[in-house]
Amino acid sequence: FFFLMIRRPPRSTQSRSSAASDVYKRQVHGEFQMESQQKIYVLVAGNLSQSFNTNLSDPKGELGRRLSQHENVFVQYIQSASDEELGSIENKQNFEVLVTTNHILVQKVVSYFPNLKWVHNLFTGCDQIMKCNSVVENDSIVLTNSRGASAKPLAEYVLGAILYFTRRFNIFETYKSKKEAIPRTKLPLLQQKTILIVGFGLVGQQCARILKTAFQCRILAIKRNIQSQDKLDNNLDVIGGLSDLKDFCQQADVVVNCLPDTQETQDIYNED
């Protein structure tokens, strides 16, 4: 038995997933209405090239280039968010949108631009953005993210981590570093093992799809708000609520944690 933890992307838009945190309970009930003649001022903070698999020597990245193609969109790039850099930006009152890959920059950037209406983050996890009180506690700022964008790469990370331990790569590396012969041992197969996925949002669903399709694993899932369509998921064997967590953990060979890191989920595995 081993335990694997990952953090899933946060969100602000309404969803059937049950992994909502206090940060993202503020739902988006409307759309931004902007006339085509209106100039939209967008701040882009952080290295977006890392998020779009583009040339890492280009700090603007694919998203920045696409934004710049629109004649009614003015894009201002922010690299270090130093006082000197932020102070030199003109027409601060015109900027209404912030797109970022760096949560560390958010708090400081927001303090310089009083008219921001929309902050979109491209990083995974919600524990760091929760520290940005100027965004989280400001009802005039809509906070969104690219929900599900990281589901496939995170699911592949989960698969790699599970195989790393079930195929004993960690033990092999130890023997290799000591230049010792690896003893013959019977390695367990991942096939038909019982996998518990705690937090059955898009990341959890993608994990279940890979593990069921490729390895015929028995998949258990924990979800706070179970929908009727969840019970029809062909990649699931059993789904339950948080009250089933202890029982499901006792059945599992591997636990994959896809819950957000919030006060609500901290120490959830230490309660019993």
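For the structure itself, consult the block above.
Given the structure is predicted, the values throughout are model-derived calculations rather than measurements.

Participant: I'm lost on the pairing of strand β2 (residues 40-45) in this one. Help?
Facilitator: On a regular strand, each side chain points to the face opposite its neighbour's, so the side chains alternate between the two faces of the sheet. Looking at chain direction, β2 and strand β3 (residues 73-78) are connected through 6 bridges and run parallel. Across the sheet, residue Val-44 finds its bridge partner in β3, namely Tyr-77.

Participant: Would you mind going over the nonpolar core with me for this structure?
Facilitator: One broad rule of soluble globular proteins: the nonpolar side chains tend to lie buried together. Counting residues in each nonpolar core, the largest one holds 24 residues, and the members touching the most others are Leu-190, Ile-195, Ile-197, Leu-211, Ile-219 and Val-256. Of all hydrophobic cores here, the second largest spans 20 residues; its members include Phe-113, Leu-116, Val-119 and Ile-141.

Participant: Can you help me understand the sheet that holds β3 in this one?
Facilitator: In a beta sheet, neighbouring strands pair by backbone hydrogen bonds and run either parallel or antiparallel. With parallel pairing, 5 strands are arranged side by side in an open sheet as β3-β2-β4-β5-β6. Each of the sheet's edge strands pairs with one partner strand only, and the pair in question is β3 and β6 (142-145). For this sheet the average axis-to-axis angle between neighbouring strands, irrespective of direction, equals 20 degrees. In this structure, strand β4 (residues 95-100) lies alongside strand β5 (residues 118-121), joined through 4 bridges in parallel fashion. If you follow Leu-98 over to β5, its bridge partner there is Val-119.

Participant: What's the story with the pattern of salt bridges in this structure? I'm lost.
Facilitator: Side-chain pairing between opposite charges can occur once the charged atoms of the two side chains come close. Scanning the model with the defined rule gives 4 salt bridges in all. Across the pair Lys-117 and Glu-96 runs a salt bridge, and its minimum N-O distance is 3.1 Å. Of this pair, Lys-117 sits in the loop between α3 (103-112) and β5 while Glu-96 sits in strand β4, placing them 21 residues apart in sequence. Judged by its relative accessible area of 39%, Lys-117 falls in the partly exposed class. Residue Asp-230 pairs with Lys-223 through a salt bridge whose shortest N-O separation is 2.9 Å. Like Asp-230, the residue Lys-223 is buried in the burial classification.

The rules behind the values
Residues numbered from 1 in each chain as written. Predicted model: local features only at pLDDT ≥ 70, side-chain atom pairs only at ≥ 80, totals over all residues. Heavy atoms only, no water. Pairing = 2+ DSSP bridges. Helix = DSSP H or I, 4+ residues; strand = E, 2+ residues; numbered from the N terminus. Core = buried A, V, L, I, M, F, W, Y, C linked by side-chain atoms within 4.5 Å. Buried < 20%, exposed > 50% of the residue type's maximum accessible area, 1.4 Å probe, protein only. Axes fitted to C-alpha atoms, helices over the stretch in contact; angles between N-to-C directions. Salt bridge = Lys/Arg side-chain N within 4 Å of Asp/Glu carboxyl O.

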